[in-house]
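# Observations on the model geometry
Listed here are the chains, written in short residue letters.
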Amino acid sequence: MRPGTTVTLLLHPRLDDKRWAGLLSSAPALVVPSGPRVDADGTAHAVLRCAGTRGGAAEVTVTARAPDVAGAARTAFTLDLRVVPYTREG
């Protein structure tokens, strides 16, 4: 990703009894997740915005949990992102 880039994340409904529960960035100064929502059919949507002007790496972790079971949501997958700044001239 480049600074100033916005990416839409679309997560299809899960095949097990779990539902998408949350989205977390390990480096919110670089990658900011916003607007996560889960539709009635189980599809989840979120926007990832690269806010940083410097380079770096971030892990975006998406969690899922069964709606009728108590306890914390568990990591369903992790998306590794690298932020690459534009080259400067001169």
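Please refer to the structure higher up on the page.
So, a few notes on the structure that sits alongside this text. Keep in mind the model is a prediction, meaning the values are calculated, not measured. (Residues numbered from 1 in each chain as written. Predicted model: local features only at pLDDT ≥ 70, side-chain atom pairs only at ≥ 80, totals over all residues. Heavy atoms only, no water.)

### Brief notes about the overall build of the protein
Broken down by element type, the protein carries 0 helices and 6 strands. Shown N-terminal to C-terminal, the secondary structure of the protein runs as helices and strands in the order β-β-β-β-β-β. Counting only C-alpha atoms, the protein reaches 60 × 20 × 20 Å along its principal axes. Considering the protein as a whole, with its 90 residues, one finds that 29% of them fall into the buried category. (Helix = DSSP H or I, 4+ residues; strand = E, 2+ residues; numbered from the N terminus. Buried < 20%, exposed > 50% of the residue type's maximum accessible area, 1.4 Å probe, protein only.)

### Points about the nonpolar core
Residues Leu23 and Val31 are the most contacted members of the largest nonpolar core, which totals 17 residues. Only β1 (6-11), β2 (19-25), β4 (44-50), β5 (56-65) and β6 (74-83) provide two or more residues apiece to this core. Residue contacts for Val31: discarding those within four places in its chain leaves Ser25, Leu48, Arg49, Ala58, Val60, Leu81 and Val83. (Core = buried A, V, L, I, M, F, W, Y, C linked by side-chain atoms within 4.5 Å. Contact = heavy atoms within 4.5 Å.)

### Points about the pattern of salt bridges
On inspection of all chains with the given rule, the structure shows 2 salt bridges. For Asp16, the salt bridge goes to Arg14, with nearest N and O atoms at 2.8 Å. The class for Asp16 is partly exposed, based on a relative accessible area of 33%. Here Arg37 ties to Asp39 by a salt bridge, and the two come within 3.3 Å at their closest N and O atoms. Classification of Arg37 as partly exposed rests on a relative accessible area of 47%. (Salt bridge = Lys/Arg side-chain N within 4 Å of Asp/Glu carboxyl O.)

### Quick word on the sheet that holds strand β3 (residues 31-38)
The sheet built from 3 strands is open, its strands ordered β1-β4-β3 with antiparallel pairing. Looking at strand neighbours, the two that pair on one side only are β1 and β3, the edges of this open sheet. Taking each pair of neighbouring strands and ignoring which way they run, the sheet shows an average axis angle of 20°. Relative to β4, β1 is paired through 6 bridges, and the arrangement is antiparallel. Residue pairing across strands places Leu11 opposite Ala44, the latter belonging to β4. (Pairing = 2+ DSSP bridges. Axes fitted to C-alpha atoms, helices over the stretch in contact; angles between N-to-C directions.)

### A look at the sheet that holds β5
Taken together, 3 strands build an open sheet; the order of strands is β2-β5-β6 and the sheet is antiparallel. A strand with exactly one partner marks an edge of an open sheet, and here the two such strands are β2 and β6. The average angle at which neighbouring strand axes cross in this sheet is 20°, direction not considered. Here 9 bridges tie β5 to β6, and the two strands are oriented antiparallel to one another. Residue Val62 lies in a different strand from β6, and its bridge partner there is Phe77.

### With respect to the environment of Val84
Secondary-structure assignment places Val84 in the segment after β6. Each C-alpha atom of the pair Val84 and Ala57 lies 8.8 Å from the other, and the pair is 27 residues apart in sequence.

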